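# Report on the structure
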Amino acid sequence: VRIGLVGAGWAAAQHAASLAALGEAPPVVVTDPDAARAERLARDCGAQVAPDLGALLGHGLDAAVVSTPTGAHAAAILPLLAAGVAVFVEKPLSVTPEDAAAVVAAAAASGLPVAVGYQWRAVPALEALRRELAGQRVALLATLGIGITQARPWFTDGALSSGLLGERGSHHLDLLDRLGGPVAEVRAVRGGVRVSGAAPVGSADVMTVSCTYTSGAVSTTALVWASPEHAAEQSLRVVSDGGHYLLALDPDFRLTGRSGHRDVLVDSAEVPFVRQLARFLAAVRAGTPDDVFCTPEQAARTVAVVSAAARSLDTGAAEPPGYELVSPW
Ligand SMILES: NC(=O)c1ccc[n+]([C@@H]2O[C@H](COP(=O)([O-])OP(=O)(O)OC[C@H]3O[C@@H](n4cnc5c(N)ncnc54)[C@H](O)[C@@H]3O)[C@@H](O)[C@H]2O)c1
């Protein structure tokens, strides 16, 4: 598969490393408005540098990995799809629901695989959790995201970043939408005490988000944009009418719990960040657009939930995500 990289920052370097780990061919071309970054990553991969997206398209690509700041994703994806290039794009899909809708429509019209990088969907223990929950009713979801975040210059720009809610919280909100089903309403609250000194979009580094689901389930999400002084923790608890489970997320992935007088333990050594790219490349080779871990439709739902949470920060009210209240799973 001939792959190009759009954006040559942190995430792009991780994806180049994933290609090497999978034994795939390295990227053939890299573009980034920061020429020094593009040249550094291209040198590391043995790729060429293209001065812009138009020049990148001249390299006869099958697929591109888009790792630009979030607000610049759609402007890269639309011309790639129009040129017949399949796209793996980092999460969140976009800052605005309008950009997300444009990508969903373009992806459907192209018939090409488009995958969005919510790597926790590729955690094998999540599949085990979904099997456990089959036939049970989810009652409570509680997720904790205390993450050490290295600030990027664009994190404080509302046109490029959706802040703590989108850049970190959307990993959690995406998992919750997958497990809890359609979100009826979202309420988000800012914390008043700074813990890291960062001032991301949304102007707080501590937040809680509560969702109600059309199923009757409720969820709570606690988000902290932490500094290296803190211990990181990413985890999800699920209480259903039949069991109680804990999914530890990053850097180790392990499901524990108890259901019907039976202990549950599922460990997986597979790296989801790499597994999601492998699944995308398999979909490109097979020409099966729906066979990716996160489709644009699914990621657009998460953009809608994040946007509703951001509105709620300002209105103080519970806000509906405004997406179709059907489960796409
Ligand atoms: N899945 C994850 O766990 C994860 C982790 C980190 C970042 N991300 C996502 O990856 C994306 C990039 O984040 P990052 O941490 O790599 O940021 P970064 O700042 O390290 O890299 C972004 C790069 O994009 C370049 N860029 C800006 N505009 C561009 C354009 N129009 N075309 C091409 N390149 C452009 C910048 O010059 C920069 O080099 C974001 O959407 C972020 O949310 C995901």
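Look up a bit, the structure's there.
Residues numbered from 1 in each chain as written. Predicted model: local features only at pLDDT ≥ 70, side-chain atom pairs only at ≥ 80, totals over all residues. Heavy atoms only, no water.

## So, helix H1 (residues 10-21)
An ideal rise of 1.5 Å per residue puts 16 Å on twelve residues; H1 measures up with 17 Å between its terminal C-alpha atoms. What H1 keeps buried is the set Ala11, Ala12, His15, Ala16, Ser18 and Leu19. Along H1, the residues classed as buried sweep out an arc of 155° about the axis, all on the same side. Away from the buried face of H1 by more than 90 degrees, exposed residues Ala20 and Ala21 are located. Those residues of H1 that are buried lie in contact with strand S1 (3-6), helix H2 (35-45), strand S4 (63-66), strand S5 (86-90) and helix H8 (272-286). (Helix = DSSP H or I, 4+ residues; strand = E, 2+ residues; numbered from the N terminus. Expected span 1.5 Å × (residues − 1). Buried < 20%, exposed > 50% of the residue type's maximum accessible area, 1.4 Å probe, protein only. Arc of directions from axis to C-beta. Contact = heavy atoms within 4.5 Å.)

## Examining the site of the ligand
Near the ligand you find 24 residues, and of these Ala11, Asp32, Arg37, Arg152 and Glu167 are the closest. Trp154 places a side-chain nitrogen or oxygen 2.8 Å from an oxygen atom of the ligand. Contact with the protein chains removes 82% of the 840 Å² of surface that the ligand exposes when unbound. Mapped onto the shell around the ligand, the elements with two or more residues apiece are H1 and helix H7 (163-180). For the shell around the ligand, the per-class residue count stands at eight nonpolar, nine polar and seven charged. (Near = heavy atom within 4 Å. Polar contact = N/O pair within 3.5 Å; in protein donor to acceptor, adjacent residues only side chain to side chain. Areas by Shrake-Rupley, 256 points an atom, 1.4 Å probe, with all protein chains shown as cover. Nonpolar A, V, L, I, M, F, W, Y, C, P; charged D, E, K, R; others polar.)

## A few points about the sheet that holds strand S2 (residues 29-31)
With parallel pairing, the six strands of this open sheet are ordered in space as S3-S2-S1-S4-S5-S6. Two strands in the sheet have a free side with no partner beyond their single neighbour: strand S3 (48-49) and strand S6 (114-117). (Pairing = 2+ DSSP bridges.)

## Here we look at the packing of aromatic side chains
Tallied over the entire structure, the rule returns three aromatic pairs. When the centroid spacing of 4.7 Å and the interplanar angle of 90° are considered together, the rings of Trp154 and Phe155 count as edge-to-face. On the basis of relative accessibility, which here comes to 18%, the residue Trp154 falls in the buried class. Judged by relative accessible area, which is 8%, Phe155 ranks as buried. Sitting above the plane of the Phe293 ring, Arg279 keeps its charged end 3.9 Å from the centroid. (Phe/Tyr/Trp six-rings, centres within 6.5 Å; stacked < 30°, edge-to-face > 60°. Lys NZ or Arg CZ within 6 Å of the ring centre and 35° of its normal.)

## Here we look at the packing of helix H4 (residues 73-82) against helix H5 (residues 97-110)
One can describe the packing of H4 onto H5 by two numbers: an axis separation of 10 Å at closest approach and a directional angle of 15°. In terms of their interaxial angle, H4 and H5 are classed as roughly parallel. Of the two possible hands of crossing, H4 and H5 adopt the one that is left-handed. In this structure, H4 contributes Ala74, Ile77, Leu78 and Leu81 to the contact, and H5 contributes Asp99, Ala102, Val103, Ala106, Ala107 and Ser110. When grouped by side-chain class, the residues that make up the contact of H4 with H5 number eight nonpolar, one polar and one charged. (Axes fitted to C-alpha atoms, helices over the stretch in contact; angles between N-to-C directions. Parallel < 35°, antiparallel > 145°, perpendicular 65-115°, else oblique. Left-handed = near helix turned anticlockwise from the far one by under 90°.)

## Structural notes on the nonpolar core
One broad rule of soluble globular proteins: the nonpolar side chains tend to lie buried together. One finds Leu129, Val209, Leu236 and Val238 to be the most contacted residues of the largest nonpolar core, which totals 43 residues. With sequence-adjacent residues up to four places away left out, Leu129 is seen in contact with Leu179, Leu236, Val238, Tyr245, Leu247 and Leu255. Ala76, Leu81, Val104 and Val114 belong to the second largest nonpolar core, which has 29 residues in total. (Core = buried A, V, L, I, M, F, W, Y, C linked by side-chain atoms within 4.5 Å.)

## Quick word on unusual backbone geometry
Note on backbone geometry: most residues besides glycine have negative phi, and most peptide bonds are trans. With an omega of -20°, the peptide bond running from Lys91 to Pro92 counts as cis. Of note, Pro92 is situated in the loop between S5 and H5. Positioned with a positive phi, Asp250 is a non-glycine residue whose angle comes to about 55°. Here Asp250 shows up in the loop between strand S12 (243-249) and strand S13 (253-259).

## What to know about the pattern of salt bridges
Summed over the entire model, instances satisfying the criterion amount to 13 salt bridges. We note a salt bridge from Glu167 to Lys91, for which the minimum N-O separation is 3.9 Å. Residue Glu167 is found in helix H7, and its partner Lys91 is found in the loop between S5 and H5; the two are separated by 76 residues along the sequence. Lys91 carries the same exposure label as Glu167, and that label is buried. Across the pair Asp174 and Arg121 runs a salt bridge, and its minimum N-O distance is 2.6 Å. Linking Asp174 in helix H7 with Arg121 in the loop between S6 and helix H6 (124-133), this pair joins segments that are 53 residues apart in sequence. Taken individually, Asp174 and Arg121 each receive the classification buried, so the pair is uniform in this respect. Because the salt bridges share partners, they merge into one network encompassing Glu127, Glu270 and Arg275. (Salt bridge = Lys/Arg side-chain N within 4 Å of Asp/Glu carboxyl O.)

Such coordinate-based values are descriptive only and should not be taken to indicate function.
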